[in-house]
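Observations on the three-dimensional arrangement
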Amino acid sequence: MNPEQLIEQISHRAILIRTEAGYSQETMASILGISKKTLVQIEKNRTTASWTVVVAIVALFSDSEIIQSLLGDAPLEVIRTIAHNGLDRPKGKTLGGKVWWKEVETKRDFRIQQNLISQHFRILDMEDYVWFSTFDEQEALERFHELTQSKR
């Protein structure tokens, strides 16, 4: 997934996300820091949201069933992965991917998982901290190999 695809997906679901949250257009626009007119244009698919509005929607409504059905249980991780073109540094602790994740490979102190919804890959250590995240399977496998070969 790239920024343009995410922008399109969230823009097309903006009205559903707002409705699920129980907000009026005025309230939602205020929360997002945009005009009501802009929100109406997005909801009517006359324009798409900006990247910053999409990030705000995902961050502020990450518990939305609509967003989770699109991005899985870690929508902020998806946003970070897209924004940083992959994550290659230790990040926060996760719940270990028991629901939305498929184990791809485990070796030494690391494992690769793939999100069942967004299809992105991540590498976790055995304490469930994210070390790397990307949409590129080959890149994930290469980084996994580097991590499992290095001495920690």
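Whatever comes next refers back to the structure up there.
These remarks concern the structure in this document. (Residues numbered from 1 in each chain as written. Predicted model: local features only at pLDDT ≥ 70, side-chain atom pairs only at ≥ 80, totals over all residues. Heavy atoms only, no water.)

Looking at the pattern of salt bridges
Here the structure, examined in full by the defined rule, presents five salt bridges. We note a salt bridge from Glu 103 to Arg 111, for which the minimum N-O separation is 3.3 Å. In this structure, Asp 128 and Arg 111 form a salt bridge, with 2.4 Å as the shortest nitrogen-oxygen distance. Of the two residues, Asp 128 sits in the loop between strand S3 (121-125) and strand S4 (130-134) while Arg 111 sits in strand S2 (residues 110-115), which places them 17 residues apart along the sequence. Among the ionic contacts, a cluster of salt bridges with common partners joins Glu 103, Arg 111 and Asp 128. (Salt bridge = Lys/Arg side-chain N within 4 Å of Asp/Glu carboxyl O. Helix = DSSP H or I, 4+ residues; strand = E, 2+ residues; numbered from the N terminus.)

What about the packing of helix H1 (residues 3-21) against helix H3 (residues 36-43)?
As a packed pair, H1 and H3 sit with axes 7 Å apart at the nearest point and diverge in direction by 115 degrees. By the angle between their axes, H1 is roughly perpendicular relative to H3. When H1 is examined against H3, the residues Ser 11, Ala 14, Ile 15 and Arg 18 are found in contact with a partner set consisting of Leu 39, Ile 42 and Glu 43. Broken down by class, the residue content of the contact of H1 with H3 amounts to four nonpolar, one polar and two charged. (Axes fitted to C-alpha atoms, helices over the stretch in contact; angles between N-to-C directions. Parallel < 35°, antiparallel > 145°, perpendicular 65-115°, else oblique. Contact = heavy atoms within 4.5 Å. Nonpolar A, V, L, I, M, F, W, Y, C, P; charged D, E, K, R; others polar.)

Focus on the packing of H1 against helix H4 (residues 51-60)
Packed helices, taken two at a time, are described by the angle their axes make and the gap between the axes. With their axes 10 Å apart at the nearest point, H1 and H4 run at an angle of 55 degrees to one another. When the interaxial angle is binned, H1 and H4 end up oblique. With respect to the hand of their crossing, H1 and H4 are arranged in left-handed fashion. Across the interface between the two elements, Pro 3, Leu 6, Ile 7, Ile 10 and Ile 17 of H1 pack against Trp 51, Val 54, Ile 57 and Val 58 of H4. Residue classes in the contact of H1 with H4 are distributed as nine nonpolar, no polar and no charged. (Left-handed = near helix turned anticlockwise from the far one by under 90°.)

A word on the sheet that holds strand S1 (residues 101-107)
Reading across from one edge, S1-S2-S3-S4 is the order of the four strands in this open sheet, with antiparallel pairing throughout. Here the strands that pair on one side only, and so sit at the sheet edges, are S1 and S4. On average, adjacent strands in this sheet sit at an angle of 20 degrees to one another, irrespective of strand direction. Looking at chain direction, S2 and S3 are connected through five bridges and run antiparallel. Bridge pairing links Arg 111 to Leu 124 in S3. Helix H6 (residues 75-83) rests against S1, S3 and S4 of the sheet, and its axis sits at about 65 degrees to S4. (Pairing = 2+ DSSP bridges.)

Describing the side chain of Thr 81
In this structure, Thr 81 sits in helix H6. A distance of 2.7 Å separates the side chain of Thr 81 from the backbone oxygen of Glu 77, its partner in a polar contact. There is a polar contact of 2.6 Å between the side chain of Thr 81 and the side chain of Ser 133. (Polar contact = N/O pair within 3.5 Å; in protein donor to acceptor, adjacent residues only side chain to side chain.)

With respect to H6
Since there are 3.6 residues in each turn of an α-helix, residues three or four apart along the chain are aligned in direction. Turning to H6, its buried residues are Pro 75, Glu 77, Val 78, Ile 79, Thr 81 and Ile 82. Tucked into the core, H6 has its buried residues touching H1, H4, helix H5 (65-71), S1, S3 and S4. In the stretch just after H6, Asn 85 is the one whose phi turns positive, near 55 degrees. (Buried < 20%, exposed > 50% of the residue type's maximum accessible area, 1.4 Å probe, protein only.)

Quick notes on unusual backbone geometry
You will see that Asn 45, though not glycine, has its phi angle at about 60 degrees, which is positive. Mapping Asn 45 onto the fold places it in the loop between H3 and H4. A positive phi angle, close to 75 degrees, is found at Gln 119, a residue other than glycine. Note that Gln 119 resides in the loop between S2 and S3.

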